[in-house]
Amino acid sequence: MTCPEIKNHLAEVVYESRPLPEEIRKHLADCAGCTAELAEMEATWKLLDVWQAPEPSAFFDAKLYAKLRTEQATAPASLLERAKAWWLYSTNLQMRPGPVAAGALAMVLAVGGGTFALLDHRAMPAAQTSATVRDLQSYDGNAQLFQQLNSLDGDEDNASPASN
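What comes next is a walk through the structure. (Residues numbered from 1 in each chain as written. Predicted model: local features only at pLDDT ≥ 70, side-chain atom pairs only at ≥ 80, totals over all residues. Heavy atoms only, no water.)

On to the environment of Thr 2, then. Within the secondary structure, Thr 2 sits in the segment before helix H1 (3–16). Sequence separation between Thr 2 and His 27 is 25 residues, and the spatial gap between their C-alpha atoms is 8.6 Å. (Helix = DSSP H or I, 4+ residues; strand = E, 2+ residues; numbered from the N terminus.)

Moving on, we come to the packing of H1 against helix H2 (residues 22–30). Following both chains from N to C, one finds H1 and H2 inclined at 120 degrees, their axes separated by 11 Å at the closest point. The orientation of H1 with respect to H2, classified from their angle, is oblique. Crossing angle aside, the handedness with which H1 passes H2 is left-handed. Across the interface between the two elements, Cys 3, Ile 6, His 9 and Leu 10 from H1 touch Ile 24, His 27 and Leu 28 from H2. Among the residues making up the contact of H1 with H2, the classes are represented as 5 nonpolar, 2 polar and no charged. (Axes fitted to C-alpha atoms, helices over the stretch in contact; angles between N-to-C directions. Parallel < 35°, antiparallel > 145°, perpendicular 65-115°, else oblique. Left-handed = near helix turned anticlockwise from the far one by under 90°. Contact = heavy atoms within 4.5 Å. Nonpolar A, V, L, I, M, F, W, Y, C, P; charged D, E, K, R; others polar.)

If you look at the biggest cluster of nonpolar residues, it comprises 10 residues: Ile 6, Leu 10, Ala 11, Val 14, Ile 24, Leu 28, Cys 31, Cys 34, Leu 38 and Met 41. Among the secondary structure elements, those contributing two or more residues to this core are H1, H2 and helix H3 (32–50). The element best represented in this core is H1, accounting for 4 residues. (Core = buried A, V, L, I, M, F, W, Y, C linked by side-chain atoms within 4.5 Å. Buried < 20%, exposed > 50% of the residue type's maximum accessible area, 1.4 Å probe, protein only.)

One way to put it is that H1 packs onto H3 with a least axis distance of 10 Å and a crossing angle of 25 degrees. Classified by the interaxial angle, the pair formed by H1 and H3 is roughly parallel. Note on packing geometry: the crossing formed by H1 with H3 is right-handed. Two secondary-structure elements touch here, H1 through Cys 3, Ile 6, Lys 7, Leu 10, Ala 11, Val 14 and Tyr 15 and H3 through Cys 34, Glu 37, Leu 38, Met 41, Glu 42 and Trp 45. Looking at the contact of H1 with H3, its residues break down into 10 nonpolar, no polar and 3 charged.

Turning our eyes to something else, we now look at H2. The α-helix advances 3.6 residues per turn, and as a result positions three or four apart in sequence lie on the same side. All buried positions along H2 are accounted for by Ile 24, His 27 and Leu 28. Each buried residue of H2 sits inside an arc of 100 degrees when the element is viewed along its axis, so together they form one side. For H2, the exposed residues set more than 90 degrees away from the buried face come down to Lys 26, Ala 29 and Asp 30. Looking at the buried side of H2, the elements it contacts are H1 and H3. (Arc of directions from axis to C-beta.)

This part takes up the state of the cysteines. As enumerated under the stated definition, the model contains 0 disulfides in all. Looking at the unpaired Cys 3, the closest cysteine sulfur is the one in Cys 34, lying at 3.6 Å. For Cys 3, a relative accessible area of 30% corresponds to the partly exposed category. (Disulfide = S-S within 2.5 Å.)

Put into structure tokens, the structure is as follows:
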């Protein structure tokens, strides 16, 4: 027998308090590792025999019932919270932040990089405006200035052409 097979049988022998079979005794005489494993198992089992479970406090029942009442009084979890709890605790698929965050970052980079690569990076030419349009825009921007100058001159009859 090999060491892993012997170790499986050692657990059965120690836990069930059976005598060691001849084959296991021969292996233990030759293998120091399995002998040490048997000694550790027996020491652990002896410690468990003397261990005493602590008694609950006098107020344990009262505290437990108070917590139960508060849990019953709270509103049920939302659908999203229940789905998250089901996903985390009732499946073997655990959402660990490392791989999930790395996957989300890779997806963002792939989508963002692809979108950026598809964009046309040529500069758009500026719209050509005629001299007349530029003059009118300048006049509209300075209309208030012309009104102030006319009021200083006292010539209210010749108000700026924008007001005509």
